[in-house]
Structures are given as C-alpha cells and as structure tokens.
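The lines below spell out each chain.
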Amino acid sequence: QVQLVESGGGLVQAGGSLRLSCAASGRFSYTMGWFRQAPGKEREFVAAVSRSGRSTVYADSVKGRFTISRDNAKNTMYLQMNGLKPEDTAVFYCAAESSGLLTRTPGEHDYWGQGTQVTVSS
C-alpha cells in the first residue's frame, strides 16, 4: 500500500512555470501518473512514468510543455510544467498503478493523492 501527497500547486500567470511533487510513503514500486480535473469536467490524464523512470507518456495537450520524472531514492514523483495556459487550471492529482502498465485510464490506478490546485491567470 502507498499514501500519496501532492504539493507545489499555486497561482501563476500564463506562460509561467510550476513544479508539482508527489511524495509517497510506503512502497514506491508503482507506475505513477498525473491527472487533472477542472470544474465541471471529468478527470483527465496528463502524464505517466514507468517504475524505473525510463518510459514516459503524455497527453497531447501537454506534450512539449510538461515533463514527468521520479526519484526512486526519495520516493517522489515530479511534474515540471512550463508554458502554462489558462486552460491548464485544474486540481492536479498523482496516482499509483500496481500492475506496471503505463495507463491513461483513471480507473486503472489503485491509489490517489488528495490533489493540489493549479490556477493559471491570463
């Protein structure tokens, strides 16, 4: 089992940057992902990273702007977000998947953090 805690959210102007962190207590041998949910919208996939950190996948909407990474020695995953846009405004969640799949499907993840708010002003 694992507990996940996100941090690093905040208010930033369009074009700015933020780095989100997801700290895990317990096991960290999971595929990890970032999702986001804007008001009135469904939770959507942002990015995922394999257990080793060598493989990553991104949603088309963030490709080239966001970078997912993990430090297994620190039990922490990161999301570096550059070139932020107002449409990136959402609550960002980290999630862990136990079977090793790099999946974009929220329902296939076993553990979730509580979320951190990212607001991008125009």
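Residues numbered from 1 in each chain as written. Predicted model: local features only at pLDDT ≥ 70, side-chain atom pairs only at ≥ 80, totals over all residues. Heavy atoms only, no water.

Draft legend 1. Layout of the nonpolar core. Core analysis: the largest hydrophobic core is formed by 34 residues, its most contacted members being Met-32, Trp-34, Met-77, Leu-79, Met-81 and Phe-92. Secondary-structure elements contributing two or more residues to this core are β1 (2–7), β3 (18–26), β4 (31–37), β5 (44–49), β7 (66–71), β8 (76–81), β9 (90–97) and β11 (116–121). Here Leu-79 is in contact with Leu-18, Arg-19, Leu-20, Trp-34, Val-46, Ala-47, Phe-66, Thr-67, Ile-68 and Phe-92, once residues within four sequence places are set aside. (Core = buried A, V, L, I, M, F, W, Y, C linked by side-chain atoms within 4.5 Å. Buried < 20%, exposed > 50% of the residue type's maximum accessible area, 1.4 Å probe, protein only. Helix = DSSP H or I, 4+ residues; strand = E, 2+ residues; numbered from the N terminus. Contact = heavy atoms within 4.5 Å.)

Draft legend 2. Region of interest: unusual backbone geometry. Although it is not a glycine, Asn-75 adopts a positive phi angle of roughly 50°. Mapping Asn-75 onto the fold places it in the loop between β7 and β8.

Draft legend 3. Quick peek at the environment of Gly-64. Within the fold, Gly-64 resides in the loop between β6 (56–58) and β7. For Gly-64, a relative accessible area of 80% gives the class exposed. Between the alpha carbons of Gly-64 and Gly-83 there is a distance of 9.3 Å; along the sequence they are 19 residues apart.

Interpretation in functional terms is not warranted from these geometric data alone.
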